Amino acid sequence: MRILKIQTLRGPNYWSIRRHKLIVMRLDLESLAETPSNEIPGFYEGLVEALPSLEGHYCSPGCRGGFLMRVREGTMMGHIVEHVALELQELAGMHVGFGRTRETATSGIYQVVIEYLNEEAGRYAGRAAVRLCQSIVDRGRYPKAELEQDIQDLKDFWRDASLGPSTEAIVKEAEKRGIPWISLAARYLIQLGYGVNQKRMQATMTNNTGILGVELACDKEATKRILDDNGVPVPRGTVINFLDDLEEAIEYVGGYPIVIKPLDGNHGRGITIDIRNWDDAESAYETARQVSRSIIIERYYVGRDHRVLVVNGKVVAVAERVPAHVVGDGRSTIADLIDETNKDPNRGEGHDKVLTKIELDRSSYQLLDRQGYTLDSVPPKGTMCYLRATANLSTGGSAIDRTDEIHPENVWLAQRVVKIIGLDIAGLDVVTTDISRPLRDVDGVIVEVNAAPGFRMHVAPSQGIPRNVAGAVIDMLFPNEKPSRVPILSVTGTNGKTTTTRLLAHIYKQTSKIVGYTTTDGTYIGDFLVEAGDNTGPQSAQVILQDPTVEVAVLESARGGILRSGLGFDAANVGVVLNVAADHLGIGDIDTIDQLANLKSVVAEAVFPDGYAVLNADDHRVAAMAEKTKANIAYFTMNPDSELVRKHIQKGGVAAVYENGYLSIVKGDWTHRIERSENIPLTMGGKAPFMIANALAASLAAFVQNVTIEQIRAGLRTFRASVSQTPGRMNLFNLGKYHALVDYAHNPASYEAVGSFVRNWSSGQRIGVVGGPGDRRDEDFVTLGKLAADIFDYIIVKEDDDTRGRPRGSASDLIIQGINQVKPNSRFESILDETQAINKALDMSPDGGLVVILPESVSRAIRLIKVRGVQEETQPQNANTTISDSQNGVAPSSVVNTLL
């Protein structure tokens, strides 16, 4: 078998709207293409020996063992690879279950789709599954050592990608509330929400966390002085920088017992507590010195270690932290007890589990010695043997929830302390013998105030009730259900996507909001270009959604981006599908128009239930998408007699209709006439029906998002099919004696659309410079030739500079073949070089003529036109016709009575 391609999907996609994280592997079965599993000697036995846990896969039989039943009876290898890849991830601790396998139009080549939690792990699992299956085919077995290495590698990927327990708790809470999140590229930043409503976090610090508060909390001695000045009970202590000052510092704090710790340490590193003699003090000083140049000397206070978590000025959780320890059973050595404790499945490396495995350091041996033990000692049954002096979970400690036990005065004190330091999220380390009594009554102290406190001890305590502390953080960041998102309007279709996207963004600008939008010619925010290029995929969408100034996102979503990576967002407020026609067929295993329609329906399906799918009622494939989406439906139509739209309106639906020369919104018993088509520059004086359809779609999408009719009208009147606003989309140039039109039409449907305008050109000869991308099917080029013969009086056939693997001259020959099939006596010539073809057409145009250029390079075509002295970009329209005041806004819907 051979893997031809692996793609990673990250959003709603062709295979699933709900499951965004999918690996798509294009797999050539080669010699196994015609061989089901039951015809491969020993394969079933080898697979069960390697992965007996496959017994848990139900598959199509719908019962335990169902998949292995299919293997025994005979199934194709692509299907088996799918299940193996999923099971390998399961064995590594990643719980995934979604998979699909489909044969492509090429016999023996399959698309194998598997769910993943971590991208690298998902891709690795796909490759490992192929290796495993091939090994069993070739040798009857997969070596155990290789399988163990595969699973370990997958575990490593999963561990390395872990967000950490605190961040993960916040992200899960955000997901539960429908708040999107993005992992940013630097400094482990997490973005919650989109655009202007986003918040950012790093661990448990937020964009609201003040730098002064963090700096103060990180300076433990300064924190203690501030708190002491405010009457807060803190340990008596001082800071030294030299060992020579240690003895004097001990005397200053009142003598032994003492604590020695680094000034700017964290996670318990370098801390030694309950020091009772000079030798131990010297040793502790050297330990702390490895972490910090400045060392804190404090009086040691007897009591239990507590962490009090304060979020947004309120105590939300309290935990007692117990240092790493083992409990004797009267038989086992301390070393054996540690090994047994570390076997607990809840203990892992670092922060990847609820608890951390116990590891010993020099301070551990010193602590054992003070208790009279060594690792070979056998503690009496029930005796607790401490292995760490500090109670950090990161060093193997455990936690007991005490939230319901803290005394009200201690709650007040903790909240006051955090306000004094100036943090939105803080963890207070409190030493007291009894947290249920006021600190002042039991000689308790606040030892430290921590910025970015860990949540693990609260969300998953060893004992007691887990506390939803992440909920308090989300409540703080998004109070009173404050929006976390910005409106997302997604636009797709075979033709008209870019124009509609730009027009919709322009209409939204009339609301004075900052609009971010992506198109085939660039990514824009407001009036400025962020990045030029064909930016219609998920990466460009992320640029818009990550920008903190964007208030509305209008995203062109092309087939290529959806196929390669899925949509760049989880759901939209409006999904617009303009049309579906033959284009790019045979590419990316999309071979039929119906398959293309299924791909583009992703945009309609990935809409919130309270959002709108804006669908073309005149395209039956698009209209049928209404059955797939859970969103509200809004139709647009060029046909005022549309039966589909009539029934939709009668049921209370909303639609955009072209009627009596007007673009109108129809809802219930009312028609909102927006504007006459001839007053809308984009429609070329009402002569470009496909542009009218684009304007209907954009107007309707804006209307269902509560943009007013007046704002929509203003947008339509001021948007032009110009180089500046829609480069390569019906750009008409006045060259004095004749006109030139540039449009990036490259498929049959777009040729038809341009033709609907060209046929309305009543003066002079109509010359066409035609071609198409080289990766289209032969029959597509023939169709382009047939259409060109029906549209133009004279045709110049050219080819793209990049033939995309097609032999030079082949595309031209096929177009000419199509021309001859329709009009054998047509006037045409072939000039393969695009620049020469354009210049020839411009040179030969008679007075009153129209040269239509359908180029590979829009910028080059426009440059060749402009050097000839363009008088202006023209908009043929009746400038004297305006919509009367009585027709502005709302009128009785009898004006479109055929719909009602």
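Please read all numbers here as calculations on a predicted model, not as lab measurements.

Rules used throughout
- Residues numbered from 1 in each chain as written.
- Predicted model: local features only at pLDDT ≥ 70, side-chain atom pairs only at ≥ 80, totals over all residues.
- Heavy atoms only, no water.
- Helix = DSSP H or I, 4+ residues; strand = E, 2+ residues; numbered from the N terminus.
- Buried < 20%, exposed > 50% of the residue type's maximum accessible area, 1.4 Å probe, protein only.
- Contact = heavy atoms within 4.5 Å.
- Lys, Arg positive; Asp, Glu negative; His and termini not counted.
- Charge placed at Lys NZ, Arg CZ, Asp CG, Glu CD.
- Salt bridge = Lys/Arg side-chain N within 4 Å of Asp/Glu carboxyl O.
- Axes fitted to C-alpha atoms, helices over the stretch in contact; angles between N-to-C directions.
- Parallel < 35°, antiparallel > 145°, perpendicular 65-115°, else oblique.
- Nonpolar A, V, L, I, M, F, W, Y, C, P; charged D, E, K, R; others polar.
- Left-handed = near helix turned anticlockwise from the far one by under 90°.
- Pairing = 2+ DSSP bridges.
- Phe/Tyr/Trp six-rings, centres within 6.5 Å; stacked < 30°, edge-to-face > 60°.
- Lys NZ or Arg CZ within 6 Å of the ring centre and 35° of its normal.
- pLDDT = per-residue confidence, 0-100.
- Disulfide = S-S within 2.5 Å.
- Core = buried A, V, L, I, M, F, W, Y, C linked by side-chain atoms within 4.5 Å.
- Polar contact = N/O pair within 3.5 Å; in protein donor to acceptor, adjacent residues only side chain to side chain.

## Focus: the overall build of the protein
- When helices and strands are tallied, the protein shows 29 helices and 40 strands.
- With respect to the principal axes defined by its C-alpha atoms, the protein has extents near 110 × 75 × 55 Å.
- In the protein, which comprises 900 residues, the proportion classed as buried is 57%.
- Looking at the protein alone, contacts between residues at least 24 apart form 68% of all its contacts between residues at least 6 apart.
- Seen as two clouds, the 96 positive and the 113 negative side-chain charges of the protein have centres 4 Å apart.

## Structural notes on the pattern of salt bridges
- Scanning the entire structure with this criterion turns up 56 salt bridges.
- Notably, a salt bridge pairs Arg 402 with Glu 405, separated by 3.3 Å at the nearest N-O pair.
- Salt-bridge contacts for Arg 502 lead to Asp 521; the nearest nitrogen and oxygen are separated by 2.7 Å. Within this pair, whereas Arg 502 is found in helix H17 (residues 497-509), its partner Asp 521 is found in the loop between strand S23 (515-519) and strand S24 (522-525), the two being separated by 19 residues in sequence. For the pair shown, Arg 502 and Asp 521 are each scored as buried.
- In this structure, a network of salt bridges that share partners links the residues Lys 220, Glu 221, Lys 224, Lys 261, Glu 298 and Glu 448.

## So, the packing of helix H25 (residues 748-758) against helix H26 (residues 778-791)
- For the pair H25 and H26, interaxial distance at closest approach is 10 Å and the crossing angle is 5°. Put simply, H25 runs roughly parallel to H26. Here H25 contributes Pro 748, Tyr 751, Glu 752, Gly 755 and Val 758 to the contact with H26, which in turn contributes Thr 783, Leu 784, Leu 787 and Ile 791.
- Residues that form the contact of H25 with H26 fall into these classes: six nonpolar, two polar and one charged.

## Overview of the packing of helix H1 (residues 43-50) against helix H4 (residues 119-139)
- Packing of H1 against H4 brings their axes to within 9 Å, and their N-to-C directions diverge by 135°. In terms of axis orientation, H1 runs oblique to H4. When you trace H1 past H4, the crossing you get is right-handed. Touching Phe 43, Gly 46, Leu 47 and Ala 50 of H1 are Leu 132, Cys 133, Ile 136 and Val 137, all from H4.
- When the residues that make up the contact of H1 with H4 are grouped by side-chain class, the tally is seven nonpolar, one polar and no charged.

## So, the sheet that holds strand S3 (residues 99-103)
- Overall, antiparallel pairing links the four strands, which are arranged S1-S2-S4-S3 in an open sheet. Both edges of this open sheet fall to strand S1 (2-9) and S3, since each of them pairs with a single strand only. Pairs of neighbouring strands in the sheet enclose a mean axial angle of 15°, with direction left out of account.
- Along the sheet, helix H3 (residues 77-91) contacts strand S2 (22-28), S3 and strand S4 (109-115); its crossing angle with S4, the most-contacted strand, is approximately 20°.

## Quick look at the packing of aromatic side chains
- Counted according to the given criterion, the structure contains four aromatic pairs.
- Seen from the ring of Tyr 662, Arg 673 lies directly overhead, with NZ or CZ sitting 3.9 Å from the centre.

## Concerning the confidence of the model for the protein
- Here the protein shows a mean pLDDT of 91. Residues at 70 or above account for 96%.
- Note on residues 876-900: pLDDT is under 50 here. Beyond four places in sequence and across chains, it has 67 contacts.

## Here's the deal with the state of the cysteines
- Within this structure, the stated rule accounts for zero disulfides.
- A disulfide-free cysteine, Cys 63 has its sulfur positioned 9.8 Å from the sulfur of Cys 59, the nearest such atom.
- We classify Cys 63 as partly exposed; its relative accessible area is 30%.

## A look at the nonpolar core
- If you look at the biggest cluster of nonpolar residues, it comprises 76 residues, and the most contacted ones within it are Leu 504, Phe 636, Leu 700, Leu 716, Leu 741, Phe 757 and Val 770.
- Take this core: its biggest share by element is twelve residues, from helix H23 (residues 689-703).
- When neighbours within four sequence positions are excluded, Val 770 is seen to be in contact with Tyr 751, Ala 788, Phe 792, Ile 795, Ile 796, Val 797, Lys 798, Ile 815 and Leu 854.

## As for the sheet that holds strand S6 (residues 189-192)
- Strand order across the open sheet formed by four strands is S5-S6-S7-S8, with antiparallel pairing between neighbours. Looking at strand neighbours, the two that pair on one side only are strand S5 (181-183) and strand S8 (205-206), the edges of this open sheet.

## Focus: the side chain of Thr 204
- Locating Thr 204 in the fold gives a position in the loop between strand S7 (199-202) and S8.
- In this structure the side chain of Thr 204 is engaged in a polar contact, spanning 2.9 Å, whose partner is the backbone oxygen of Pro 453.
- Excluding residues that lie within four positions of it along the chain, Thr 204 makes contacts with Ser 166, Ile 170, Ile 425, Ala 452, Pro 453 and Phe 455.

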